[in-house]
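One letter stands for each residue in the lines below.
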Amino acid sequence: MLNRRLLRSKVVQALYAISVAEESNRLLAYDEIAEAYKPDLNSMEPQNLQQLEGFRQLATVSFDEMVETGSVNTTDEVPFEVEVLAKKAYVGYQNANKLDRRNVVRRVLSETENIYTSVLFSLQFLLDLAHLAKLERGRTYHNVDDPIPLRGGLDTNLIVQALQASKPFSDEVIRKGVSWGNDMEILHRTYREMLRPDASYRTYCEKSDHSLTEEQELVQFVFRSLIFKNQLFVDFMEARDLYWEDHAELVRSICIKTLKSVTEEGKITLAELTDDWEEDKYFVEELVSRTLENDEKFEEYLKEFLQNWDNERLAKVDMLVIKAALAEMIHFPGIPIKVTINEFIETAKRYSTLQSGKFVNGLLDKLSEKLLKEKVIRKSGKGLIDNR
């Protein structure tokens, strides 16, 4: 499975995107209502502007009541045509929200799967650097200012050769359309300015025989110090992956795990993003679903502890983190409460304000204690107290 902290961050990202989409859909509904009660500038008949504005306000209030109560209520106080328009706007709002929820979760899962494409880009970058080393050694002419030509190169490295010979890797690269062909300047500058002048690399190249350990040390050094700390490479990855800062460490670890798998015989095993993508998908989809469907219930739980808080001071991300944590504590009985709290504290620190960690910690501690006593939270499983 993927790291659960990463998956929890994906859940919070999805919840935030859904909340923003719902706000936008609400504004679009207001616009639809306002459009219906605009004065007809082409009409030759006199128009009652005050009445039109009154109808607009009535329709907007009716729409807001439907959103808040979750149901369509009829009343004699609202003219029939105004009520029909409010209902139409509400149905459109609900349908748009359902569609956005599905699309957001799909997008978040797609972004998560895309992490493996970043792995392929990173490994291909290594191979393309090796190709530049091979091309340079094949040159018969060198400028006076060039460093002394190297006897060996990255392309002669056993680990690199094993990756080059890997059909599963080349098949994945083709399938995902991975190529640095349009960004050769990044490769050339990395080779000229970072790899070729590096003392460790030149020492490696001047030696004819290397142990497997030495081969590993070189490629891991290149990965850790010359690729992942290369601002040109980082800028490229950030441009193709909005959450590269969150994903970079995982990408690097998968790459290193792949490279470490090479045997003396030159066999390599591509490390996978996860050993159970269906389980990862289920975790994200279920946690988002449980958080959204229990939103009103969670609001009730929170009221007691937020009575003296000004809603304007409550960060939206903090509230989403707390609600997601509640959903996990209640609906995932096999996960210990302390694990849930600690993980979501880190998520709050990462994505919200400086004070969010303490706020989330304090509130979740109180909520979990109360809900355990009320048997709303029931934990069971290996290493857990069975509260059923």
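Computed from a prediction, not measured in an experiment: that's the story for all the values here.

Trainee: Any chance you could explain the overall build of the protein here in plain terms?
Mentor: Broken down by element type, the protein carries 16 helices and zero strands. Here the C-alpha radius of gyration of the protein, 29 Å, is well above what a compact globule of 388 residues would show, namely 21 Å. Along the three orthogonal principal directions, the C-alpha set of the protein runs to about 90 × 70 × 35 Å. Considering only contacts within the protein whose residues lie at least 6 apart along the sequence, 75% involve residues at least 24 apart. Here the protein has roughly 21,400 Å² of accessible surface; of this, 50% comes from carbon and sulfur atoms. One way to put it: in the protein the 52 positive side-chain charges average out to a point 5 Å from where the 66 negative ones average out.

Trainee: How should I be thinking about helix α15 (residues 337–351) in this particular structure?
Mentor: Helical periodicity: at 3.6 residues per turn, an α-helix aligns residues three or four positions apart in one direction. Taking 1.5 Å per residue as the helical rise, α15 with its 15 residues ought to reach 21 Å, and the 21 Å between its terminal C-alpha atoms agrees with that figure. Of the residues making up α15, those classed as buried are Ile337, Thr340, Ile341, Glu343, Phe344, Ile345, Thr347 and Ala348. Check the buried side of α15 and you find it contacts α1 (4–36), α12 (277–293), α14 (316–331) and α16 (356–373).

Trainee: Even after reading the chapter, I still don't get the pattern of salt bridges, so can you show me in this structure?
Mentor: Pairs can form between side chains of opposite charge whenever their charged atoms are close. In total, this model carries 31 salt bridges according to the counting rule given. Close ionic contact of Glu136 with Arg196 constitutes a salt bridge, the shortest N to O distance being 2.3 Å. Residue Glu136 is found in helix α4 (residues 115–138), and its partner Arg196 is found in the loop between α7 (184–195) and α8 (199–206); the two are separated by 60 residues along the sequence. Classification of Glu136 as buried rests on a relative accessible area of 10%. Residue class for Arg196 comes out buried when judged on its relative accessible area of 12%. Arg175 is the partner of Glu172 in a salt bridge, and the nearest nitrogen-oxygen pair spans 3.0 Å. Of the two residues, Glu172 and Arg175 both sit in helix α6 (residues 167–176), three residues apart, roughly one turn of that helix. Judged by its relative accessible area of 58%, Arg175 is exposed. Through salt bridges with shared partners, one network takes in Arg5, Arg8, Glu328 and Glu343.

Parameters and conventions
Residues numbered from 1 in each chain as written. Predicted model: local features only at pLDDT ≥ 70, side-chain atom pairs only at ≥ 80, totals over all residues. Heavy atoms only, no water. Helix = DSSP H or I, 4+ residues; strand = E, 2+ residues; numbered from the N terminus. Rg over C-alpha atoms; globule rule 2.2 N^0.38 Å. Contact = heavy atoms within 4.5 Å. Areas by Shrake-Rupley, 256 points an atom, 1.4 Å probe, with all protein chains shown as cover. Lys, Arg positive; Asp, Glu negative; His and termini not counted. Charge placed at Lys NZ, Arg CZ, Asp CG, Glu CD. Expected span 1.5 Å × (residues − 1). Buried < 20%, exposed > 50% of the residue type's maximum accessible area, 1.4 Å probe, protein only. Salt bridge = Lys/Arg side-chain N within 4 Å of Asp/Glu carboxyl O.

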